[in-house]
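Structural overview
Okay, here's what each chain looks like letter by letter:
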Protein chains: 2
Amino acid sequence: MPVTMKDVAERAGVSASAVSRTFTEGASVSPETRRKVEQAADALGFRPNALASSLTTGRTKLIGLISNNFRNPVFLEVFDLFTRALQDRGLRPLLINLTDGDDPTSAIRLLRQYSVDGVIVASSTLPAGFAKAFRDAGLPVVHSFGRFDAATEIHVVGIDNVECGRMAGEALLGRGYRRIAFLGGPEEATTTQDRLTGFSEVLSGRSDVDFSISFASAYSFDAGRIEMTNQLMVDPAEVYFCGDDVLSIGALSAAQSLGLRVPDDVGVMGLNDMEMARWQNISLTTIRQPVGQIIECSVDLVVTMIEDPERLPEARLFPCQVVERGTLRPAR
Amino acid sequence: MPVTMKDVAERAGVSASAVSRTFTEGASVSPETRRKVEQAADALGFRPNALASSLTTGRTKLIGLISNNFRNPVFLEVFDLFTRALQDRGLRPLLINLTDGDDPTSAIRLLRQYSVDGVIVASSTLPAGFAKAFRDAGLPVVHSFGRFDAATEIHVVGIDNVECGRMAGEALLGRGYRRIAFLGGPEEATTTQDRLTGFSEVLSGRSDVDFSISFASAYSFDAGRIEMTNQLMVDPAEVYFCGDDVLSIGALSAAQSLGLRVPDDVGVMGLNDMEMARWQNISLTTIRQPVGQIIECSVDLVVTMIEDPERLPEARLFPCQVVERGTLRPAR
DNA sequence: TAGGTGTTTGCAACCAGTTGCAGAGGCGAA
DNA sequence: TTCGCCTCTGCAACTGGTTGCAAACACCTA
């Protein structure tokens, strides 16, 4: 059923090499031969088998796209943008869902079996060592939304979470909040740790600020709602800087259920600026992470690494900014 | 860098065939040879190249997963479940984002270049002819969330949207609503057409019911909010059956912005029961579509078709059910 | 010991392409 | 006409596996 080079060669009255050459950029073919081959190929509907050619060229144009965050709404944008950015460059995403377990070995085995040209790890919760395992296996890898590390051994594209923490701290101080809480994601998530570091840096040491810390069990609506409920029932702060937008929405839901008004009784600030944050019935004040830029840059970087595997690892961090909406009281 | 069969054969002191056979289920190898090969393979970290073997076996274990709905939150669950269901069966999803244009030809070309074993079209908005193009190209295809068609030419797994429309109509009548509106997705979407058919069937012809119809421009929050605002400003109904959950949330937001209370002033009913519908600050009364079952079944079906390409097409439809939450007044 | 049976093994051809190399052909200059 | 050069083409070997076939071998029976 599938039509091969040989069929085309036969119909065009040329050798198989000639067919291969007309489909290879920069190969030497006369206009006449090219015409005959193209005509035959069109008539038969021929397309070279990418897998067969990968055997000799060593390139499959497959990119492993790995994530463990499938349930966070921010990933709607992430998947949409990644698949399109890859498609635009003639690359195909081979998706790996890491929900069960975070051991890279089976993923590595799989990706090598399919000879992927490169790997993108898209996750803000996986440890840096995870992506490193791919590099050690000889696969070009970029960690998107990963943690910046001064002694970086792999390419990281993302944001400076410590700086985001500072930004949040200053935004809250600037609005006159003094009883301030950090409601993080899981304590072991590097993003949570880093944001807390920056946040504390700005707030602790100020005698006029009452600063408290808690952690939700996951970056999820339910976890945010549960932890926020606990906090509000025991000793409520004036404002909560939450681990991310979905946690924030859980927190908003908790406040609402307890009959508190936002932002009058309690303030909430998120991080990500996912699409839902601007929905008018949520209207979350948050910090925008430039997801589109991070993804474009990640794909560019993985392409660069494929071309130059020896390239030294680098971190590319993008600035974030506060997005004003309705869950904090206005700046003074 | 990558280790091949030949390397293993050499180290184990056997032929390449022996290596191939130890990795092929059901092939004849003595325990002694198998042991030697496995030992050598482990030592070298060998895994057979799936792409090379696909040349002779004709199987890649790649499944094309095509969608045009990347931005609808229901797809968070859909992608998570699809990727896991495929992984569980040793299959790999090759993702195609169809956001730009709905012409199947380039997708077909691509999937044939990668010799995918089968294709899953996951979309409730693509026309039936779309999936059919894949079948015509000789690719086993299943249309998930597709439209049931009595003269079906391709496998469809989904729900009976006409029945869902009826179910919604009866639920609303049962609660005593009499000024009832249908707020569909795009008029050309088959899901919208079918749901409207069932809904009208129940409501039209009843002299005590005032029934109106409108359509949003897309299955999205913004489209739902805009259309609902239009409706509420001109001639509000008592209750709106919306095209899907995300439209419903847009509609809820519109009602809220206009100062209407839900469900006291206006009712909203959705369809899908995506995860967000049960978030307490949304608490959407909706019709549950058994997404998990649909996906498991789709994957099973594509596997079956790969094994038996001559199998006649069938439709597998799953029953839906109304999920009681807070956006309709209670049943009498 | 010869013959029959069944298992295991390697050879070689094959899958669908790519590519180095050598030779064919065309063309202009000497 | 001959030579040199350049472009184009096909052969054949190669990519990393699989598999039909026949030979080698072990084992059992008569």
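Here, the structure is the one placed above.
The sections below set out a description of the structure shown in this document. (Residues numbered from 1 in each chain as written. Chains lettered and ligands numbered in written order. Predicted model: local features only at pLDDT ≥ 70, side-chain atom pairs only at ≥ 80, totals over all residues.)

A closer look at the overall build of chain A
The number of helices and strands found in chain A is twelve helices and twelve strands. Taken over the C-alpha trace, chain A has a radius of gyration of 25 Å; the compact-globule value for 332 residues is 20 Å, which it surpasses by more than 25%. Split into buried and exposed, the 332 residues of chain A put 51% on the buried side. Summarising the internal contacts of chain A: among those between residues at least 6 apart in sequence, 70% fall at separations of at least 24. (Helix = DSSP H or I, 4+ residues; strand = E, 2+ residues; numbered from the N terminus. Rg over C-alpha atoms; globule rule 2.2 N^0.38 Å. Buried ≥ 20, exposed ≤ 12 C-beta atoms within 10 Å, placed from the backbone. Contact = placed C-beta atoms within 7 Å.)

Topic: the relation of the copies chain A and chain B
Its rotation angle being 180°, the transformation that places chain A on chain B also includes 0.0 Å of axial translation and leaves an RMSD of 0.1 Å. Taken together, the rotation angle and the small translation identify this as a two-fold axis. When C-alpha positions in chain A are compared against the rotation axis, the closest is assigned to Leu94(A), at 2.5 Å. Of the residues that chain A buries at the interface, 100% are likewise interface residues in chain B, meaning the two copies contact each other through the same surface. (Least-squares fit on C-alpha atoms with pLDDT ≥ 70 in both.)

With respect to helix α5 (residues 74-88) of chain B
Residues and elements named next belong to chain B. For α5, which comprises 15 residues, the first-to-last C-alpha distance of 22 Å matches the rise-based estimate of 21 Å (1.5 Å per residue) to within 8%. With eleven of 15 residues buried, α5 lies mostly within the body of the structure. Within the span of α5, buried status applies to Val74, Phe75, Leu76, Val78, Phe79, Leu81, Phe82, Thr83, Ala85, Leu86 and Gln87. The first or second residue beyond α5 is glycine 90, which carries a positive phi of 75°. (Expected span 1.5 Å × (residues − 1).)

Regarding the protein's contact with DNA strand D
Among the 26 residues in the neighbourhood of DNA strand D, the closest are listed as Ser15(A), Thr33(A), Leu55(A), Met5(B) and Ser20(B). When residues of the surface near DNA strand D are traced back to their parent elements, those giving at least two are α2 (16-22), α3 (31-44) and α4 (50-57) of chain A together with α2 (16-22) and α4 (50-57) of chain B. Examining the composition of the surface near DNA strand D, we find that five residues originate from one element, α4(B), more than from any other. (Near = placed C-beta within 6 Å.)

Structural notes on the interface of chain A and chain B
In this complex, chain A contributes 41 residues to the contact, which on the side of chain B involves 42 residues. Every element with two or more residues in the side of chain A that touches chain B is listed here: α4, α5 (74-88), β2 (92-97), α6 (104-113), α10 (221-234) and α11 (245-257) of chain A.

Section: the protein's contact with DNA strand C
Around DNA strand C, 27 residues are found, and the nearest of them are Met5(A), Ser20(A), Ser15(B), Thr33(B) and Leu55(B). Here the surface near DNA strand C gets five residues from one element, more than from any other, and that element is α4(A). Along the lines of polarity and charge, the residues of the surface near DNA strand C split into eleven nonpolar, 14 polar and two charged. (Nonpolar A, V, L, I, M, F, W, Y, C, P; charged D, E, K, R; others polar.)

Overview of the pairing of strand β3 (residues 118-122) of chain A
Residue and element names in this part refer to chain A. Counting buried residues in β3 gives five out of five residues, a clear majority hidden from the surface. A two-sided burial pattern is seen for β3, the buried positions comprising Gly118, Ile120 and Ala122 on one face and Val119 and Val121 on the other. Both strand β1 (residues 62-67) and β3 contribute to a ladder of four bridges, which runs parallel. Directly across from isoleucine 63, in β3, lies its bridge partner glycine 118. In terms of strand pairing, β3 meets strand β4 (residues 141-144) through four bridges, oriented parallel. Residue isoleucine 120 lies in a different strand from β4, and its bridge partner there is valine 142. Once you follow β3 into helix α7 (residues 128-136) and on to β4, the crossover reads as right-handed. (Pairing = 2+ DSSP bridges. Right-handed = clockwise from strand over helix to strand, strands pointing away.)

Concerning the sheet that holds strand β6 (residues 179-184) of chain B
Residue and element names in this part refer to chain B. Within the open sheet, the four strands sit side by side as β7-β6-β8-β9. Their pairing is parallel. The two strands at the open ends of the sheet, each matched to only one other strand, are β7 (210-215) and β9 (267-269). Averaged over all pairs of adjacent strands, the angle between their axes in this sheet comes to 20°, without regard to strand direction. Looking at chain direction, β6 and β7 are connected through six bridges and run parallel. Bridge pairing links arginine 179 to aspartate 210 in β7. Against the sheet, helix α11 (residues 245-257) contacts β6, β8 (239-242) and β9, and its axis sits at roughly 150° relative to β8. (Axes fitted to C-alpha atoms, helices over the stretch in contact; angles between N-to-C directions.)

Considerations on unusual backbone geometry
Residue and element names in this part refer to chain A. Valine 262 connects to proline 263 through a cis peptide bond whose omega is 5°. Within the element layout of this structure, proline 263 appears in the loop between α11 and β9 (267-269). For serine 115, which is not glycine, the phi dihedral falls at a positive 45°. Position of serine 115 among the secondary structure elements: in the loop between α6 and β3. Since 19 C-beta atoms lie within 10 Å of it, serine 115 is described here as partly exposed.

What about the sheet that holds β9(A)?
Residues and elements named next belong to chain A. Strand order in the open sheet formed by four strands is β7-β6-β8-β9, with parallel pairing between adjacent strands. If you trace the sheet from one side to the other, it starts and ends with β7 (210-215) and β9, each paired once. Each neighbouring strand pair of the sheet contributes to a mean axis angle of 20°, computed without reference to strand direction. Across the sheet, α10 touches β6 (179-184), β7 and β8 (239-242), and the angle it forms with β6 is around 150°.

Quick notes on the packing of α10(A) against α11(A)
Residues and elements named next belong to chain A. Following both chains from N to C, one finds α10 and α11 inclined at 45°, their axes separated by 7 Å at the closest point. Taken together, the axes of α10 and α11 are oblique relative to one another. Two packed elements cross with a definite hand, and for α10 against α11 that hand is right-handed. Where α10 approaches α11, its residues Phe221, Asp222, Ala223, Gly224, Arg225, Met228, Thr229 and Leu232 are matched on the opposing element by Val246, Leu247, Ser248, Ile249, Gly250, Ala251, Ser253, Ala254 and Ala255. Taken together, the residues of the contact of α10 with α11 break down into ten nonpolar, five polar and two charged. (Parallel < 35°, antiparallel > 145°, perpendicular 65-115°, else oblique. Left-handed = near helix turned anticlockwise from the far one by under 90°.)

What about the pairing of strand β5 (residues 155-159) of chain B?
Across a regular strand the side chains alternate sides, sitting on one face of the sheet and then on the other. Residues and elements named next belong to chain B. Counting buried positions along β5 yields five of five residues, so the element is predominantly enclosed. Here β5 shows two buried faces, one formed by His155, Val157 and Ile159 and the other by Val156 and Gly158. Examined bridge by bridge, strand β4 (residues 141-144) and β5 share three bridges and lie parallel to one another. Opposite valine 142, over in β5, you have histidine 155 as the bridge partner. By the bridge criterion, four bridges tie β5 to strand β11 (residues 315-318) in an arrangement that is parallel. By the bridge assignment for β11, glycine 158 is matched with leucine 317.

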